[in-house]
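Residues per chain are reported as follows:
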Amino acid sequence: MKTKVVAIMINCIFAVSANLLSAQNAAHDMNGHNMNMNQASKSAKQAAVKTDSVKVMGNCSQCKTRIEKAAMSVIGVKSANWDKQSKLLYLVYTGDKKTTEVQKAVAKVGHDTGPYKATKEAYNALPGCCQYRD
Ligand SMILES: [Cu+2]
């Protein structure tokens, strides 16, 4: 009987210390994360943020997802938003001008943009609803 009580107490102590440990780890993670956030905002302030827009051919919301994903794959691009109506891809980026790199990436996935045209293969690989050429 006595040993059972002791065993339960030991179990309780283990449970409590396990909880404490995981709470400490969580606090640690949060601190680490906060530090990274501060570093990120610091470097963002150092590198000027620029905005640009380029015309990109496309039709639908699937095109939008594909175009934005390709644009975001370019290092330094912070946001990409393609407007279906105007066909304009709005970019926010840091560092050197990114429009050429973005246009190349977008053309690669099948969307004509300015002087950069999708290859026949890339274009033909698009779903039917996305094929914007006449
Ligand atoms: Cu589409």
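Since the structure is predicted, the reported quantities are computational estimates derived from the model, not experimental observations. Every residue gets a number counted from 1 within its own chain, in the order that chain's sequence is written. Local features in this predicted model are restricted to residues of pLDDT 70 or higher, and side-chain atom pairs are both shown and tallied only at a pLDDT of 80 or more, whereas totals for entire chains, interfaces and linings draw on every residue.

Caption draft 1: The arrangement of the overall build of the chain in detail. Going along the chain from the N terminus, every DSSP run of H or I of four or more residues is numbered as a helix, and every run of E of two or more is numbered as a strand. When helices and strands are tallied, the chain shows 4 helices and 3 strands. In sequence order, the secondary structure elements of the chain are arranged as α-β-α-β-β-α-α. Looking at the chain as a whole, 21% of its 134 residues are labelled buried. Intrachain contacts of the chain at a sequence separation of at least 6 include 57% that bridge at least 24 residues. We call a residue exposed when 12 or fewer other C-beta atoms sit within 10 Å of its C-beta, buried when the count reaches 20 or more, and partly exposed for counts in between; the C-beta positions come from the backbone. Here, residues touch in the contact sense if the C-beta positions derived from the backbone fall within 7 Å of one another.

Caption draft 2: Region of interest: helix 3 (residues 99-108). Those residues of helix 3 not exposed but buried are Val102, Gln103, Ala105, Val106 and Ala107. Of the surrounding secondary structure, the elements contacted by the buried residues of helix 3 are strand 1 (49-55), helix 2 (61-72), strand 2 (77-82) and strand 3 (88-94). Looking one or two places after helix 3, you find Gly110, whose phi comes out positive at around 115°.

Caption draft 3: Broad picture of the nonpolar core. One finds Val56, Ile67, Ala71, Leu89, Leu91, Val102 and Val106 to be the most contacted residues of the largest nonpolar core, which totals 20 residues. Of all elements in the fold, only helix 2, strand 2, strand 3 and helix 3 reach the threshold of two or more residues within this core. If we skip the residues at most four places from it in the chain, Val106 touches Val56, Ile67, Ala70, Ala71, His111 and Thr113. Structurally, a nonpolar core is described as a collection of buried Ala, Val, Leu, Ile, Met, Phe, Trp, Tyr and Cys residues joined by way of C-beta atoms within 7 Å.

Caption draft 4: Representation of the sheet that holds strand 2 within the structure. Taken together, 3 strands build an open sheet; the order of strands is 1-3-2 and the sheet is antiparallel. In this open sheet, the two strands that pair with only one neighbour each are strand 1 and strand 2. Adjacent strand axes in the sheet meet at a mean angle of 15° when their direction is disregarded. The sheet contact formed by strand 1 and strand 3 spans 7 bridges and is antiparallel. Counterpart to Asp52 in the pairing with strand 3 is Leu91. In this fold helix 2 packs onto strand 2 and strand 3, with an angle of close to 160° to the strand it touches most, strand 2. Every axis in this analysis is a line fitted to C-alpha atoms, fitted for helices over the stretch in contact. Angles between the N-to-C directions lie between 0 and 180 degrees. On the sheet, helix 3 packs against strand 1, strand 2 and strand 3 and is oriented at approximately 45° with respect to strand 1. Paired strands, in this sense, are two strands between which DSSP finds at least two bridges.

Caption draft 5: Summary view of the pairing of strand 2. As paired strands, strand 2 and strand 3 are joined by 5 bridges and run antiparallel to one another. Note that in strand 3 the partner of Trp82 across the bridge is Leu89. Joining the antiparallel neighbours strand 2 and strand 3 is a turn of 5 residues, in which Lys87 adopts a positive phi near 65°.

Caption draft 6: Spatial organisation of the environment of Thr94. If you trace the backbone, Thr94 turns up in strand 3. Sequence spacing of Thr94 and Lys50 is 44 residues, and the spatial spacing of their C-alpha atoms is 6.0 Å.

Caption draft 7: Structural context of helix 2. Between its first and last C-alpha, helix 2 extends 16 Å over 12 residues, near the 16 Å set by a 1.5 Å rise per residue. Buried within helix 2 are the following residues: Cys63, Arg66, Ile67, Glu68, Ala70 and Ala71. The inward-facing, buried residues of helix 2 contact strand 2, strand 3 and helix 3. By definition here, a helix of n residues has an expected span of 1.5 Å times n minus one.

Caption draft 8: Region of the structure containing the confidence of the model for the chain. Residue-level confidence of the predictor is summarised by pLDDT, bounded by 0 at the bottom and 100 at the top. Taken as a whole, the chain shows an average pLDDT of 80; of its residues, 66% reach a score of 70 or greater. Taken as a whole, residues 5-37 scores under 50 in pLDDT and shows 0 contacts with residues more than four places along the chain or in a different chain.

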